[in-house]
Amino acid sequence: MTPVHTAQVVHDRELVASSLRFRNAVFRPTRMLQRLLSAGILVALGFIVPPGTVRTAVWTGAALMMIWMVIGDAVLTQIQWIRDPFRRAGVPEALEFTGKGIERLGPPGDADEAGQGAGSGAGAEQIPYAQIARVLRDEACWYLVLRDRGLIIVDRHDLDDGAGDPDAFTRFLAARTGQDVEVLDTSLAETMRRVQGARRDYLDSRRGQGILGLGAKGDRESKDR
């Protein structure tokens with residue numbers, strides 16, 4: 001089937017960094033707050049324990065955690081970029097958006113990286129639009145979240161050989177997926193809103209359960225025994 005839109009997505013450092021920022025903002029909104037809380041607890045604990053080796057170890061742990069909060073994303077971006085199969089093979093990720101779904105060429109296999117022929121890796125993957133759970137965008141990319149929590153990123157510069165119409169592609173995605181294309185907001189206010197949403201979802205999932213994971217019925221059965 002003739003594609004309506006195509007993309008040759010180059011897996012450079014900026015794309016990998018965008019993927020990490022997106023996952024932190026959408027999938028793991030509480031991670032930074034959890035790290036900050038853990039560091040605060042370690043600092044407070046250092047004032048409680050007697051001076052000596054234990055206090056030094058606790059405060060060292062807090063300091064390392066604070067350092068990781070600053071440089072952690074940069075380190076993870078570099079590691080993921082080094083391990084990226086498309087970068088190692090020196091080829092872009094090929095995407096074709098047809099009327100029925102997305103055809104994605106898998107990363108090259110070992111044979112490709114050894115120079116024994118292109119296209120002999122994982123092969124083409126057919127992704128129906130029904131498998132897309134959410135579509136988000138910012139000024140640089142579109143983010144297609146799959147129902148298995150997979151992620152497809154399309155950089156605007158890579159759409160239709162750099163000549164694509166961003167508005168037309170946004171309308172195309174909305175029409176094919178049947179979903180509104182959300183604007184990705186990474187502001188502090190939006191992050192806090194996502195944190196509250198994650199907390200609310202967790203509390204809803206635990207509703208009716210005790211500390212040991214037993215509901216009211218389970219508690220009564222335990223007492224009967």
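Residues numbered from 1 in each chain as written. Predicted model: local features only at pLDDT ≥ 70, side-chain atom pairs only at ≥ 80, totals over all residues. Heavy atoms only, no water.

**Quick word on the layout of surface pockets**
Then step 1. One number sums up the size of the second largest pocket: a volume of about 400 Å³.
Then step 2. Lining the second largest pocket are 17 residues; nearest its centre among them are His11, Ser19, Arg23, Asp84 and Leu151.
Then step 3. Where the lining of the second largest pocket is concerned, the elements lending two or more residues are α1 (13-27) and β7 (151-155).
Then step 4. The element contributing the most residues to the lining of the second largest pocket is α1, with four residues.
Then step 5. Here the lining of the second largest pocket is built from residues that sort into seven nonpolar, four polar and six charged. (1 Å grid on protein atoms, 1.4 Å probe; cavity = no way out; pocket = protein on both sides within 12 Å on 5 of 7 lines; lining within 4 Å. Points joined across faces, edges and corners; volume = space filled by probe spheres on them. Helix = DSSP H or I, 4+ residues; strand = E, 2+ residues; numbered from the N terminus. Nonpolar A, V, L, I, M, F, W, Y, C, P; charged D, E, K, R; others polar.)

**With respect to a nonpolar patch on the surface**
Then step 1. There is a patch of nonpolar side chains on the surface, built from Leu64, Ile67, Trp68, Val70, Ile71, Val75 and Ile79 and spanning about 620 Å² of accessible area.
Then step 2. With respect to the helices and strands, Ile79 occurs in helix α3 (residues 53-83). (Patch = residues over 30% accessible without salt bridge, like charges linked within 9 Å, V, L, I, M, F, W, Y side chains within 5 Å. Areas by Shrake-Rupley, 256 points an atom, 1.4 Å probe, with all protein chains shown as cover. Salt bridge = Lys/Arg side-chain N within 4 Å of Asp/Glu carboxyl O.)

**Brief notes about the pairing of β7**
Then step 1. Burial within β7 is extensive, with five of its five residues counted as buried.
Then step 2. Residues Leu151, Ile153 and Asp155 of β7 are buried on one face, and the alternating residues Ile152 and Val154, pointing to the opposite face, are buried as well.
Then step 3. Strand direction decides the pairing type here: strand β6 (residues 141-146) and β7, joined by five bridges, are antiparallel. Pairing of Trp142 across the sheet is with Val154, part of β7. (Buried < 20%, exposed > 50% of the residue type's maximum accessible area, 1.4 Å probe, protein only. Pairing = 2+ DSSP bridges.)

**With respect to the sheet that holds strand β5 (residues 132-137)**
Then step 1. As summarised here, the arrangement of the four strands in space is β7-β6-β5-β8, forming an open sheet in which the pairing is mixed. In this open sheet, the two edge strands, each paired with only one partner strand, are β7 and β8 (181-183). Strand-to-strand, the axes of this sheet are offset by a mean angle of 25°, without reference to chain direction.
Then step 2. Pairing geometry for β5 and β6, over five bridges, is antiparallel. Bridge assignment links Arg134 to a residue of β6, and that residue is Val145.
Then step 3. The strands that α1 touches are β5, β6 and β7; relative to β7, the one it contacts most, it runs at about 130°.
Then step 4. Strand contacts of helix α6 (residues 166-177): β5, β6, β7 and β8, with the helix running at about 15° to β6, the strand carrying the most contacts. (Axes fitted to C-alpha atoms, helices over the stretch in contact; angles between N-to-C directions. Contact = heavy atoms within 4.5 Å.)

**As for the pattern of salt bridges**
Then step 1. Applying the stated criterion across every chain yields a total of four salt bridges.
Then step 2. Measuring nitrogen to oxygen at the nearest pair gives 2.9 Å for the salt bridge that ties Glu14 to Arg21.
Then step 3. In this structure Glu14 comes out as partly exposed when scored by relative accessible area, which is 46%.
Then step 4. The class of Arg21 is partly exposed, set by a relative accessible area of 46%.
Then step 5. With a shortest N-O distance of 3.7 Å, Arg104 and Glu93 are connected by a salt bridge. Here the residue Arg104 occupies a position in strand β3 (residues 101-105), and Glu93 occupies one in strand β2 (residues 93-97), the gap between them amounting to 11 residues. Here the two residues Arg104 and Glu93 agree in accessibility, since each one is buried.
Then step 6. Where salt bridges share partners, they join Glu93, Arg104 and Glu125 into one cluster.

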